[in-house]
Structure formats: C-alpha cells, structure tokens
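# Architecture and fold: a report
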Amino acid sequence: MRIRTGGPDSAPALLHLIDGAVAWLTAQGRSGQWGSVPWSQRPESVARAEEACREQLVRVAERAAGGGDALGMCVLSEDAPSYAPPVAERELYVRWLVTDRVHSGSGIGSALIADALREARRRGIDLLRVDCWAGGGGRLVEQYERLGFTRTATFTVDRPAGPWPGQVLEQRVPHDC
C-alpha cells in the first residue's frame, strides 16, 4: 500500500468509500452514524465532500502499484469543526477517516493515522485530534483508542434526524514519527 495526496478529483472516491461504510453500518443496524441513504445520493453530502477535497488535505491509500480504487482516505485540516472544543495550540484535525469495508482489518486506517502523525510533525504540530460518532455502544470510539487516541470532550450535534452524540479524541505527535 502507498499513501498519496489527493485533491478536488478525489471527491467521487471519498463518496464511494462513505457509501460503502453507510451500507455496512446499515446492515449492522447502526445507521445513526451516517444515516442509511448513500451520501452520493444526498446533494448536501456531495457538496460537503467536494468542498473538503478542494479545501483540505486529502490523503489516499491505494495499492502499492498505484491506480485502481482507493483503499481508504483521510481528510486533514488545521481547522477543527465548530462543534469541537477549541485548544490553545496548533493542531491537525482528522475531518474524515474512511476505509473500504472489503479490506477491513488490513491496517489501512492505522496506516492513514500514522501518515497523519507524520504530516503533523512535518508541519511542526504536536497535537492530532479527531471526532467520531459516540453512539452504537462506543465501538468507533474504542477503535480510535486502539489507534492511539485518548478521549477528551463529548458533544451533541442537533440534526433533523435527531441528536448525534460525538466524542473528541486526541493524541500527541511523537517526535520520532
């Protein structure tokens, strides 16, 4: 696997990965995270993905030979979302981390987080933060903890479909990454 920088043309691949996650989560009875309708069929979600790929750093995991479908993507920003409590230092924020469910357990998410830590270090940033859905028994929160993150603040986003419970997590960037 290799990780490369994406850009505005990465939005369809990001939507494809999210659509796969939505289908998998819905089949597991956990549609609370991203809903049950594919994001590629929701104009506001398509616009959100296109904006992120235009304005934020997109890192794409793909087969070492290159080309083909994205195995996973990580979208990074030095700006945290408005619902995340501010911090008193520069940070790199994982806005999205999504992997192809076909390759679940292959270390793709772990590789993308390691890449994000290297990017933070390259920028002289000592803090990497992420937020995620805290529903579903906290299974996603636990996954981020396995990736080296520690829980910090909780939050709730009011959405038309009902409240969305979230968890902010962080990890210090090691000097040797």
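The structure displayed is predicted, hence computed values, not measured ones. (Residues numbered from 1 in each chain as written. Predicted model: local features only at pLDDT ≥ 70, side-chain atom pairs only at ≥ 80, totals over all residues. Heavy atoms only, no water.)

Attention now goes to helix α3 (residues 108-122). Look at α3: 21 Å from first C-alpha to last across 15 residues, which is about the 21 Å you get at 1.5 Å a residue. Looking at α3, one finds that the buried residues are I108, G109, A111, L112, I113, D115, A116, L117, E119 and A120. Buried residues in α3 make contact with β1 (2-5), β2 (57-62), β3 (72-77), β4 (92-99), β5 (127-133) and β7 (162-172). Among the residues trailing α3, G124 stands out with phi positive, at a value near 75°. (Helix = DSSP H or I, 4+ residues; strand = E, 2+ residues; numbered from the N terminus. Expected span 1.5 Å × (residues − 1). Buried < 20%, exposed > 50% of the residue type's maximum accessible area, 1.4 Å probe, protein only. Contact = heavy atoms within 4.5 Å.)

Interpretation of the predicted coordinates at a detailed level should be avoided for regions scoring low in pLDDT. Chain-level statistics for the protein give a pLDDT mean of 93 and a share of 98% at 70 or above. Averaged over each element, pLDDT in the protein is lowest for strand β6 (residues 150-159) (93) and highest for β3 (98). (pLDDT = per-residue confidence, 0-100.)

On to the packing of aromatic side chains. In total, this model carries five aromatic pairs according to the counting rule given. Ring plane angle 25° and centroid distance 4.6 Å describe the contact between Y83 and F155, whose orientation is recorded as stacked. Placement of the pair is Y83 in the loop between β3 and β4 and F155 in strand β6, with a sequence separation of 72 residues. Look at F155 and W164: their rings are 6.1 Å apart centre to centre, the planes differ by 35°, and that puts the pair in the tilted class. Assigned by exposure class, F155 and W164 land together as buried. Ring pairing ties together the aromatic residues W34, W39 and W96, which thus form one cluster. Seen from the ring of W24, R101 lies directly overhead, with NZ or CZ sitting 3.8 Å from the centre. (Phe/Tyr/Trp six-rings, centres within 6.5 Å; stacked < 30°, edge-to-face > 60°. Lys NZ or Arg CZ within 6 Å of the ring centre and 35° of its normal.)

Glancing now at the pattern of salt bridges. The full count for this structure, using the stated rule, is 13 salt bridges. R42 is the salt-bridge partner of E44, the closest N and O atoms lying 3.6 Å from each other. (Salt bridge = Lys/Arg side-chain N within 4 Å of Asp/Glu carboxyl O.)

Our focus in this paragraph is the nonpolar core. V94, L97, I113, L128, Y144 and F149 are the most contacted members of the largest nonpolar core, which totals 24 residues. Taken together, the elements giving at least two residues each to this core come down to β2, β3, β4, α3, β5 and α4 (139-146). Among residues more than four places away in sequence, those in contact with F149 are I113, L128, R129, V130, Y144, L169, E170 and Q171. Residues A21, L25, W39 and V46 belong to the second largest nonpolar core, which totals 21 residues. (Core = buried A, V, L, I, M, F, W, Y, C linked by side-chain atoms within 4.5 Å.)

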